Amino acid sequence: MKKEYYEVLGVSRTATKDEIKKAYRKLALQFHPDKNPDNKDAEEHFKEVNEAYEVLSNDDKRRRYDQFGHAGVGSSAASGGAGAGSAGVDLNDIFNMFTGGGRRGGSPFGGFEDAFGGGSARRGRQSPGIHGTDLKIRLKLALEEIAKGVEKTLKIKKQVTCTVCNGTGSKNGATEACATCHGTGEVRQVSKTMFGQFVNIAVCPTCGGEGRVIKERCTSCYGEGIKLGEVTVKVTVPSGVEDGNYITLRGQGNAGPRGGAAGDLIVVLEEIPHELFSRNGNDVIYTLAVSFADLVLGTKVEVPTLDGAVKLTIPPSTQPETMLRIPGQGISHLKGSGKGDQYVKVNVYVPKEVSHHDKELLKDIKKSAGLSPNAHNDKEAKTFFEKARGIFS
Ligand SMILES: [Zn+2]
Ligand SMILES: [Zn+2]
């Protein structure tokens, strides 16, 4: 058996609207789920209270309820008894009960705007119109630029403020009350939740919360206050950045329609693969092919770095795959001071084509027992070949 709505709220059948509001406020606060976590009874009460208030606060529904009982207003608010224009409950109002916002006309519990630190009028002044959208662009960087950091000047196409109307969108500056929200800047949206039906206040999409719309549109921007333009933007890229890092330039994105705040410009960094160097953190790696003779005898070579060529000594008997370090020729650290190093990875150069003369020379070399690993009877070579035999036999 469903409880009487008047009973739920603890008011008489002749209670005034104010008495109903007052009773509802007290009970909603008492049974609010935030105050009664994991309490099924309180949750049930809270639903009942909301449902009762939803009906009794609406003149039409209250009349039908008085006449036909529960059948007159549908089984419950949660099952969709209320149509558009329902008094409902403002979630912001409930929120406000706990934050202690002050009273304000038009809302049964006082304005939620106070709780949020800004009313619609103030909100409007801080940021009129609709916020501009963020813009994302990719910026390709050479490793040389990443190594030291770089300042880039970018040309970007974006929505800019219309200079004809100064971003107002209005031909002569005249405005009129918005027809969608009747000048309030807010629209009510009904939403259903497990606690019943709620009316949520949202910023009016037509006027963006301003409450006023332009009378005659600017012919240059068709009343938008923005149009497509091209701007140059300077962006400072610090050293040591990595592929996928991004830099956010606040307020440099698309301009907001009709004076709205601009969005952000997000510059996503992309590292162009280098034709000579690969990167390992802040170190760079260069692969150098050296002849067998130079590896054995040692030599001096010139190797490129991100900062020009330098001389490098290859010591005698350098083994293939050896990493030779050139200190401080890497990438400057992103955080703090210091620089990475350059590593030169030494490979043996094996020619693809060999002249007859060189072949004869190599045959002579082959004759030398000292240049063949088989001839070496040092421990390391021996154990290696013994192991290899063990694996393959
Ligand atoms: Zn304009
Ligand atoms: Zn409006």
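Counting from 1, residues in each chain are numbered in the order their sequence is written. Here chains are named by letter from A upward and ligands by number from 1 upward, in the order in which they appear as written. In view of the model being predicted, local features appear only for residues whose pLDDT reaches at least 70, and side-chain atom pairs are presented and counted only at 80 or more, with totals across whole chains, interfaces and linings using the full set of residues. In computing side-chain properties, one takes all heavy atoms of the structure into account and sets aside hydrogens as well as water.

### With respect to the sheet that holds strand S1 (residues 135-141)
Where strands meet in a sheet, backbone hydrogen bonds hold them as pairs that are either parallel or antiparallel.
Thought 1: Strands pair, by our definition, only if DSSP identifies at least two bridges between them. Only runs of H or I of at least four residues qualify as helices and only runs of E of at least two qualify as strands under DSSP, and these elements are numbered from the N terminus. Strand order in the open sheet formed by three strands is S1-S9-S8, and the pairing between neighbours is mixed. The open sheet has two edge strands, S1 and strand S8 (246-249), and neither has a second partner. Neighbour-to-neighbour, the strand axes of the sheet open up by a mean angle of 25°, direction not taken into account.
Thought 2: Judged from the four bridges that link them, S8 and strand S9 (residues 265-271) form a sheet pairing that is antiparallel. Residue pairing for S9: Ile247 is matched across the bridge by Val267. A fitted line through C-alpha atoms represents every axis, and for helices the fit uses only the stretch in contact; the resulting angles, taken between N-to-C directions, go from 0 to 180 degrees.

### Topic: the sheet that holds strand S15 (residues 342-348)
Thought 1: Pairing is mixed across the open sheet formed by four strands, whose spatial order is S10-S11-S15-S14. Edge positions in the sheet fall to strand S10 (277-280) and strand S14 (323-326), since each has one partner strand and no second. Each adjacent strand pair in this sheet contributes to an overall mean axis angle of 30°, direction not counted.
Thought 2: Sheet topology note: the S10/strand S11 (residues 283-290) ladder contains four bridges and is antiparallel. Pairing of Arg279 across the sheet is with Val284, part of S11.

### A closer look at the coordination of the zinc ion (ligand 1)
Thought 1: Any N, O or S atom lying within 2.8 Å of the metal counts as a donor, with the limit raised to 3.2 Å for Na, K and Ca; because water is left out of the atom set, some sites can appear incomplete. Distances from the zinc ion (ligand 1) to its protein donors, Cys162 (SG), Cys165 (SG), Cys218 (SG) and Cys221 (SG), fall within 2.2 to 2.3 Å.
Thought 2: Every angle between 85 and 135 degrees makes a four-donor site tetrahedral, while opposite donors more than 155 degrees apart, with all other angles between 65 and 115, make a four-donor site square planar and a six-donor site octahedral; other sites are irregular. Each of the four donor atoms bound to the zinc ion (ligand 1) contributes to angles spanning 104 to 115°, and the resulting shape is tetrahedral.
Thought 3: We note that the donor set of the zinc ion (ligand 1) lies within a single chain, spaced as C-x2-C-x52-C-x2-C.

### Here we look at the coordination of the zinc ion (ligand 2)
For a metal bound by four donors in tetrahedral geometry, the ideal donor-metal-donor angle is 109.5 degrees, whereas six donors in octahedral geometry ideally sit at 90 or 180 degrees.
Thought 1: Those donors, Cys178 (SG), Cys181 (SG), Cys204 (SG) and Cys207 (SG), are the protein atoms that reach the zinc ion (ligand 2), and they lie 2.2 to 2.3 Å from it.
Thought 2: Bound by four donor atoms, the zinc ion (ligand 2) shows angles of 102 to 115° at the metal and therefore tetrahedral coordination geometry.
Thought 3: Expressed as a motif, the donor residue spacing for the zinc ion (ligand 2) is C-x2-C-x22-C-x2-C. In this pair, Cys181 is assigned in the loop between strand S3 (175-177) and strand S4 (186-193) and Cys204 in the loop between strand S5 (196-203) and strand S6 (212-214), connecting sequence segments 23 residues apart. Just as Cys181 is buried, Cys204 falls in that class too. When a residue's accessible area, from a 1.4 Å probe over protein chains only, is under 20% of the maximum for its type it is buried; when over 50% it is exposed; and in between it is partly exposed.

### Some words on the pattern of salt bridges
Thought 1: The term salt bridge refers to a side-chain nitrogen of Lys or Arg lying within 4 Å of a carboxyl oxygen of Asp or Glu. Throughout the structure, instances matching the rule amount to 19 salt bridges.
Thought 2: Measuring nitrogen to oxygen at the nearest pair gives 3.7 Å for the salt bridge that ties Glu216 to Lys171. Placement of Glu216 in the loop between S6 and strand S7 (226-237) and of Lys171 in the loop between strand S2 (150-161) and S3 is noted, with a sequence separation of 45 residues between them.
Thought 3: Using a relative accessible area of 41% as the deciding quantity, one classes Glu216 as partly exposed.
Thought 4: Each member of the salt-bridge network shares a partner with another, and the members are Glu4, Arg13 and Asp66.

### Brief notes about the nonpolar core
Thought 1: In this description, a nonpolar core means a group of buried Ala, Val, Leu, Ile, Met, Phe, Trp, Tyr and Cys residues linked to one another through side-chain atoms lying within 4.5 Å. With 34 residues, the main nonpolar core has Leu139, Leu141, Val237, Leu265, Val267, Leu269 and Val344 as its most contacted residues.
Thought 2: Domains are outlined according to an automatic or database domain assignment. Taken domain by domain, this core gets at least three of its residues from each of domain 2 (129-171 + 222-273) and domain 3 (274-350).
Thought 3: Whether two residues are in contact is decided by their heavy atoms, any of which lying within 4.5 Å being enough. Ignoring any residue separated from it by four or fewer positions in sequence, one finds Val237 in contact with Leu139, Leu141, Gly149, Val150, Ile247 and Leu269.
Thought 4: The next biggest cluster of nonpolar side chains, apart from the first, holds 23 residues, and it includes Leu9, Ala15, Val73 and Phe198.

### Observations regarding the packing of helix H3 (residues 40-56) against helix H4 (residues 59-68)
Thought 1: For the pair H3 and H4, interaxial distance at closest approach is 6 Å and the crossing angle is 105°. By the angle between their axes, H3 is roughly perpendicular relative to H4. Here Glu54, Val55 and Leu56 of H3 lie close against H4, whose contacting residues are Lys61, Arg62 and Tyr65.
Thought 2: Note that Gly is not counted as nonpolar here; it falls among the polar residues with everything else outside the nonpolar set of Ala, Val, Leu, Ile, Met, Phe, Trp, Tyr, Cys and Pro and the charged set of Asp, Glu, Lys and Arg. In terms of residue class, the contact of H3 with H4 is built from three nonpolar, no polar and three charged. Note on terminology: angles under 35 degrees are roughly parallel, angles over 145 are roughly antiparallel, angles of 65 to 115 are roughly perpendicular, and the others are oblique.

### Describing unusual backbone geometry
Thought 1: Backbone geometry places His182, a non-glycine residue, at a positive phi of 55°.
Thought 2: Looking at the secondary structure, you find His182 in the loop between S3 and S4.
Thought 3: Its relative accessible area of 68% is what places His182 among the exposed residues.
Thought 4: In this structure, Glu321 is a non-glycine residue whose phi angle is positive, near 75°.
Thought 5: With respect to the helices and strands, Glu321 occurs in the loop between strand S13 (308-314) and S14.

### Focus on a nonpolar patch on the surface
Thought 1: Note on patches: the residues involved have over 30% relative accessible area and no salt bridge, like charges join within 9 Å, and the nonpolar side chains Val, Leu, Ile, Met, Phe, Trp and Tyr join within 5 Å. Each accessible area is a Shrake-Rupley result for a 1.4 Å probe, and residues are judged covered by the shown protein chains and nothing else. A cluster of nonpolar residues, Phe292, Val296, Leu297, Val348, Val350, Val354, Leu362, Ile365 and Leu371, forms a patch on the protein surface that exposes about 750 Å² of accessible area.
Thought 2: At three residues, helix H9 (residues 292-297) tops the list of elements feeding residues into the nonpolar patch.
Thought 3: Mapped onto the elements of the fold, Val296 is located in helix H9.

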